[in-house]
Amino acid sequence: MDDLKQIIRDIPDFPKKGIVFKDITTLLSDAKSFQRMVDLLAHRYVGEKIDQIVGIEARGFILGAALAYKLGTGITLVRKPGKLPFQTRSISYELEYGTDTLEIHEDAFKKGDRIILADDLLATGGTMAAVVKLVEKFGVEIYECAFMAELEFLNGRSKLPDAKVYSLLKF
Ligand code: AMP
C-alpha cells in the first residue's frame, strides 16, 4: 500500500496557503496504480449485495464509476447545484467560509437499497456527512462510505458517527 501512498503527490499551499493538497491525479494516470487501487477497494465488497454506488462530484465520480463497473451496479451522481436535469433533492452544509449545496435526483433509489458512497478523499468529513444526510431521507441502507485516501489528523470520521467508513490509504 505504501507504493500507492507514495505516488500521490503533495502540493503545498493549494488551493490556499497552509493547505497541503493531496494530488491524486498522479495515481489515476499510472495504469498499474489505478488498477490496483480499484481492485483493492472493490475486493472489499465482492459478494455483498450492493444496489448502487453514489459518486460525489467530481473526483468521487472516478472511483464511484470504477467500483460500480467492478461490482456490477449502477452509479448515482451527487452534483453541485444546477447540474442535474431532473427534479432534485438538495442539502446545504457549512464550509470554512460560507455554505455549499449538493443535489441528487429525487428518483435516485428504491426504498431499502443498499448503497456505497464514494469519494476520493476524507478530509474534515463535512461533504460526506452532508451526503449521508441527503441519502438517508430515501430510506436506503448505507453499507459504507468508501474513500481512496483519508487525512486522519482531520478526524473526519467524527462527523460520520453512524456510518461505516473505509479508506484505502491513510495519511
Ligand atoms: P471534506 O468535506 O473536508 O472531507 O473534503 C471534501 C473534499 O475536498 C474531498 O472530497 C476532497 O476532494 C477535497 N479535499 C479536501 N482537503 C483536501 C486535501 N488536503 N487534498 C486533496 N483534496 C482535499
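Rules used in this analysis
- Residues numbered from 1 in each chain as written.
- Predicted model: local features only at pLDDT ≥ 70, side-chain atom pairs only at ≥ 80, totals over all residues.
- Heavy atoms only, no water.
- Phe/Tyr/Trp six-rings, centres within 6.5 Å; stacked < 30°, edge-to-face > 60°.
- Helix = DSSP H or I, 4+ residues; strand = E, 2+ residues; numbered from the N terminus.
- Buried < 20%, exposed > 50% of the residue type's maximum accessible area, 1.4 Å probe, protein only.
- Lys NZ or Arg CZ within 6 Å of the ring centre and 35° of its normal.

## Side note on the packing of aromatic side chains
Here is step 1: If you walk through the whole model with that rule in mind, you get 3 aromatic pairs.
Here is step 2: For the ring pair Tyr45 and Tyr143, a centre distance of 6.0 Å and an interplane angle of 80° mean the geometry is edge-to-face. Taken together, the residues span a long stretch of sequence, with Tyr45 in the loop between α3 (31–43) and β3 (52–56) and Tyr143 in strand β8 (residues 141–150) at a distance of 98 residues.
Here is step 3: Ring centres 5.1 Å apart and planes at 85° place the aromatic pair Phe109 and Phe138 in the edge-to-face group. Here Phe109, found in the loop between β6 (99–105) and β7 (114–122), pairs with Phe138, found in the loop between α5 (126–136) and β8; they are 29 residues apart in sequence, far enough to count as distant.
Here is step 4: By relative accessible area, Phe138 is classed as buried at 8%.
Here is step 5: The side chain of Arg89 reaches across the aromatic face of Phe138, ending 4.0 Å from its centre.

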